[in-house]
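Chain residues, written in single-letter form:
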Amino acid sequence: LNACFYTSVTTLERVSVAGKDYDCDEWTNITPKILSYVGRNLHTQKDHPIYIVKEVNLPLFAVFDNLSPVVTVKQNFDSLLTPKDHVSRNRSENYYINKNTVLRAHTSAHEHELIRSGLSAFLMVGDVYRRDTIDATHFPVFHQLEGVRLFNSQQVKKRNYLFQLFSKCEGNTADLTLFENGQETADKQMCHTLETSKLLEFNLKQTIEDFTSLMFKTKLPPLNLNTDVECKWVEAYFPFTHPSFELEIKYNGEWIEMLGCGILKQQILNEAGACDQVAWAFGLGLERLSMKLFDIPDIRYMWTTDDSFLSQFKNHEDFKSIQFKPILSKQPAVANDIAFWIPNDYAMNDFYDLVRSVDDGLVQTVTLVDTFVHSESGKQSHCYRIYYRHTSRALTQAEVNNLHNRIKDAAESQLNVKGR
Ligand code: FA5
Ligand code: MG
């Protein structure tokens, strides 16, 4: 539990987050670096690329973009049926303020309260926080767009009717029931009829595909360089949906995950006072969407206050006419390795988070290149390759060496690792 005890914050008895004070305990692992991102709210900053994609709203949906990122463990996990021993709760995955309080790891944390308030179609945008890997498409703070839509039995029946009209299949729509006391299968939950589940899945995927083509379909060729995108559905697992899916999208020649979604577990609706309704939900990564849309090659650009970045998004009548021009001509990354013996309670995210907190914008990617177990002592070692590359200026070997040494020193003094 103490693998990553950041003296700078956690020796404090209390910590102030977004203007409120919280007691620290053995779960506290937020860092000053992460705290410095709380309140930046890129999604409410006019003309920021995250704001621009957020503004492409779906009609019909109520929009919330100012819910506090400080949530309870209950909101972030329990309300979403996350098992008590599920890895997503680990201290190595999240930024805990204390045992009961966490910086939300996803916007799904607010689903329960918004459903309980009686809404039946809503979108939620906010900053979310995760201890995670380091590369061009991951950042410890990012933004999600959550969408939830509830249906009562009348609405499902109407959809079933339309569906049958279009697919020309036979069937008695009047007989459609939402619920049954049945079996869970790959396609449905125990209490849903197969028809209900399939109709919801169809509507969910249709909504997301419509949104995706709204974002990416070329409107004004040849002005617009953002042509249609390649994307595909893959099966997924979330503790709070079944069945679950992910949408992947081709980005720089590779498939990356853009969103997760699924049919909301009925228990969540029941506990939020909507037991006669069914629902789907999705959670989309706005950075990834925006990077794909504008051809932004590195997620770190989102946080620059550099006008040569931000000015490229200003005063555009149509977001589709924006084509990002990298500020720096391609500079090769400088690679530098670091190897150490790790203690038993070590988690890779401890190292990644440490790099994030020491780095001042130079580190692009960190990869584990080698693991090794000493034959006699049984001790394990990890070797990481750190790629140094700034988003907007060339680096000198001296500043790379300086940062690399600071990372080494910090790892030895804070992570209980031994240099090799
Ligand atoms: C979730 O967060 C679920 N709450 C999504 C969901 C909502 C599922 C509702 C079902 C119903 P996931 O951990 O896969 O799922 O993250 C969702 C998206 O956030 C990813 O597809 C990706 O686009 C983005 N994302 C995840 N981690 C990072 C990161 N470190 N940096 C930037 N974007 C990220
Ligand atoms: Mg995922």
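Provided above is the structure to which this section pertains.
This write-up is about the structure you can find in this document. Residue numbers restart at each chain and count upward from 1, following the sequence in its written direction. Working convention: letters from A go to chains and numbers from 1 go to ligands, in the order in which they are written. Given that the model is predicted, a residue must reach a pLDDT of at least 70 before its local features are reported, and side-chain atom pairs must reach 80 or more before they are shown or counted; all residues, however, enter totals for whole chains, interfaces and linings. Values reported for side chains reflect all heavy atoms of the structure, with hydrogen atoms and water molecules removed beforehand.

### Description of the sheet that holds strand β13 (residues 334-342)
Here is the rule we go by: In short, DSSP must find at least two bridges between two strands for them to pair. Helix and strand definitions here come from DSSP, where helices need a minimum of 4 consecutive H or I residues and strands a minimum of 2 consecutive E residues; each element is numbered from the N-terminal end. Residue contacts are defined here by distance: any two heavy atoms, one from each residue, within 4.5 Å place the two residues in contact. Axis geometry follows a simple rule: fit a line to the C-alpha atoms, using only the stretch in contact for helices, then measure angles between N-to-C directions, giving values from 0 to 180 degrees.
One open sheet accounts for 4 strands, arranged β14-β15-β13-β16; its pairing is antiparallel. In this open sheet, the two edge strands, each paired with only one partner strand, are β14 (363-373) and β16 (418-419). Two strands pair when backbone bridges link them, and β14 and strand β15 (residues 380-388) are joined in this way by 9 bridges, in the antiparallel orientation. Considered in β15, the bridge of Phe-372 is made with Ser-381. Contacts from helix α11 (residues 348-358) reach β13, β14 and β15 within the one sheet, and its direction differs from that of β14 by about 145°. Each of β13, β14, β15 and β16 is contacted by helix α12 (residues 397-414), which is oriented at about 15° to β13, the strand it contacts most.

### Structural notes on the site of ligand 1
Filter applied, for reference: Proximity is defined per residue: if any heavy atom of the residue lies within 4 Å of a molecule or strand, that residue is considered near it. Throughout this description, a polar contact denotes any pair of N or O atoms lying within 3.5 Å of each other; where both atoms belong to protein, one of them has to be capable of donating a hydrogen while the other can accept it, and for residues adjacent in sequence the pair is counted only when both atoms sit in side chains. The Shrake-Rupley method, run with a 1.4 Å probe, gives the accessible areas here. Residue values count only the displayed protein chains as cover. Residue polarity follows a fixed list, in which Ala, Val, Leu, Ile, Met, Phe, Trp, Tyr, Cys and Pro are nonpolar, Asp, Glu, Lys and Arg are charged, and the others, Gly among them, are polar.
Every one of the 26 residues lining ligand 1 counts as a neighbour, but His-106, Ser-108, Arg-130, Glu-257 and Met-258 are closest to it. His-106 is positioned with one of its side-chain polar atoms (N or O) 2.9 Å from a nitrogen atom of ligand 1. With respect to ligand 1, the backbone of Met-258 contributes an N or O atom lying 2.9 Å from an oxygen atom. Considering ligand 1 on its own, with 680 Å² of exposed area, one finds that the protein chains cover 94% of that surface. Those elements that place two or more of their residues in the shell around ligand 1 are β8 (141-151), β10 (241-251), β11 (254-264) and β12 (278-285). Along the lines of polarity and charge, the residues of the shell around ligand 1 split into 10 nonpolar, 9 polar and 7 charged.

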